[in-house]
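Reading the structure
The primary structure of each chain is shown beneath.
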Amino acid sequence: MRSLSHLIVCLALAAVSGQDVQSQPGKIAGEIVGAADPALILRRNTTPMDLPFLGEWFVYWGGETETLNYHMADINQQFAYDILKVADGASFSGDPHNNESSFAFGAEILAPCAATVAMAVDGVPDHVPGETNPIQLTGNTLVLKTTAGEFILMCHLKEGSLVVGKGDKVRRGQVLAKCGNSGNSTEPHLHLQLQNTRDIHKATGARLVFSRILVNGAPQEEYIPVKEDFIKRID
């Protein structure tokens, strides 16, 4: 599995915040999946999108080049984001081997738009930071389908936190689940992506563009977050 090292996130956060940074040990691992279906094409969302969380979060991986976003090497995940929370220059406080020490763990995950739940997976345990679950890659997972036929994947969610199920209609800003550390993840974070079909193993990733958000404290419209951005909803 390709992944981001502890050192890189420390340097990235330090560069943005001007502070010394601690992250949990190990790496944020990604999903390596299957061959995409070339018959279905989606380049970006047409549905207006909000960020699926409250407060300010840090973009661990994001952007349109492999330098900014290692997901670009995998057509199933291209343009995906790995996003976590930081405070005072660190992603956790206390024991780095305890999920509860992570600022992202247990944070509410919201619907970025009105949609229908196309997939809901729960019951995958959250594991100790630094370990992985390569068998259940996405862990606890939600996939939303918009009226435009776009699919939004949110994974590594907290076990037992999903409050919606397959077929449910959700409204923009509705609480869906909580951030966790399930699946092929070595630190609590949210893996977020837009794709052209429900199944990530057959999907082609597409650009997930946010209508209006705060980026490093400044408002941006029609924005694709990139590595090292601090991002926040504008309500």
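Since the structure is predicted, the reported quantities are computational estimates derived from the model, not experimental observations.

**Details of the overall build of the chain**
- Summing up its helical and strand segments, the chain has one helix and 15 strands in all.
- The buried share of the chain, reckoned over its 235 residues, is 54%.
- In the chain, of all internal contacts separated by at least 6 residues, the share reaching a separation of at least 24 is 69%.
- Roughly 9700 Å² of accessible area belongs to the chain as shown, and the carbon and sulfur atoms make up 52% of that amount.

**Observations concerning the side chain of Thr141**
- Along the chain, the position of Thr141 falls in strand β7 (residues 140-145).
- The buried category is assigned to Thr141, whose relative accessible area is 1%.
- Within the local environment of Thr141, its side chain forms a polar contact with the backbone oxygen of Gly139, the two atoms lying 2.8 Å apart.
- Each residue touching Thr141, except ones within four places of it in the same chain, is listed here: Met119, Ala120, Val121, Leu153, Met154, Cys155, Leu157 and Leu162.

**A closer look at the confidence of the model for the chain**
- When the pLDDT values of the chain are averaged, the result is 88; 83% of them are 70 or greater.
- Note that pLDDT drops below 50 for residues 1-23; the model gives that stretch 58 contacts with residues more than four away or on any other chain.

**Overview of the packing of aromatic side chains**
- For the structure on display, the rule yields four aromatic pairs.
- Centroid distance Tyr81 to Phe210: 6.0 Å. Interplanar angle 45 degrees. Geometry classified as tilted. Separated by 129 residues along the polypeptide, Tyr81 in strand β4 (residues 81-84) and Phe210 in strand β13 (residues 210-215) bring together distant segments of the chain. The two residues Tyr81 and Phe210 agree in class, both being buried.

**With respect to the pairing of β4**
- Along β4, one buried face is formed by Tyr81 and Ile83 and the opposite face, lined by Asp82 and Leu84, is buried too.
- In the sheet, β4 pairs with strand β11 (residues 190-195) via three bridges, with the strands oriented antiparallel. Within β11, the position partnered with Ile83 by the bridge is Leu190.

**As for the environment of Met154**
- Its location among the elements puts Met154 in strand β8 (residues 151-157).
- Residue Met154 is classed as buried on the basis of its relative accessible area of 0%.
- When the C-alpha atoms of Met154 and Gln193 are compared, they prove to be 6.9 Å apart, with 39 residues separating the residues in sequence.
- Dropping the residues within four chain positions of it, Met154 is found in contact with Pro52, Ile109, Leu110, Pro112, Asn140, Thr141, Leu142, Leu144, Leu176, Leu190, His191 and Leu192.

**A word on the nonpolar core**
- Membership of the largest hydrophobic core comes to 38 residues, with the highest contact counts inside it found for Leu142, Leu144, Met154 and Leu192.
- For this core, the secondary-structure elements that each account for two or more residues are β3 (57-61), β4, β6 (115-121), β7, β8, β10 (175-178), β11 and β13.
- Look past the residues within four positions of Leu142 in its chain and what remains in contact with it is Val117, Met119, Ala120, Ile152, Leu153, Met154, Leu157, Leu162, Val164, Leu176 and Ala177.
- By size, the runner-up hydrophobic cluster in this structure holds seven residues, among which are Phe58, Tyr60, Leu84 and Val86.

**Let's talk about the environment of Ala114**
- Note on placement: Ala114 falls in the loop between β5 (108-110) and β6.
- Distance from Ala114 to Thr47, taken between C-alpha atoms, is 9.1 Å for residues 67 residues apart in sequence.
- Ignoring sequence-local partners within four residues, the contact set of Ala114 consists of Thr146, Val170, Arg171 and Arg172.

**Considering the pattern of salt bridges**
- Per the counting criterion, the structure on display carries six salt bridges.
- Close ionic contact of Arg172 with Asp50 constitutes a salt bridge, the shortest N to O distance being 2.4 Å. Here Asp50 lies in the loop between β2 (28-29) and β3 and Arg172 lies in the loop between β9 (169-170) and β10, a separation of 122 residues in the sequence.
- With relative accessibility at 7%, the residue Asp50 sits in the buried group.
- Residues Arg233 and Asp50 are paired through a salt bridge, measuring 3.7 Å at the closest nitrogen-oxygen approach. Linking Arg233 in strand β15 (residues 230-233) with Asp50 in the loop between β2 and β3, this pair joins segments that are 183 residues apart in sequence. Asp50 shares its class with Arg233; the two are buried.
- Overlapping salt bridges bring together Asp50, Arg172, Arg233 and Asp235 as one network.

What counts and what doesn't
Residues numbered from 1 in each chain as written. Predicted model: local features only at pLDDT ≥ 70, side-chain atom pairs only at ≥ 80, totals over all residues. Heavy atoms only, no water. Helix = DSSP H or I, 4+ residues; strand = E, 2+ residues; numbered from the N terminus. Buried < 20%, exposed > 50% of the residue type's maximum accessible area, 1.4 Å probe, protein only. Contact = heavy atoms within 4.5 Å. Areas by Shrake-Rupley, 256 points an atom, 1.4 Å probe, with all protein chains shown as cover. Polar contact = N/O pair within 3.5 Å; in protein donor to acceptor, adjacent residues only side chain to side chain. pLDDT = per-residue confidence, 0-100. Phe/Tyr/Trp six-rings, centres within 6.5 Å; stacked < 30°, edge-to-face > 60°. Pairing = 2+ DSSP bridges. Core = buried A, V, L, I, M, F, W, Y, C linked by side-chain atoms within 4.5 Å. Salt bridge = Lys/Arg side-chain N within 4 Å of Asp/Glu carboxyl O.

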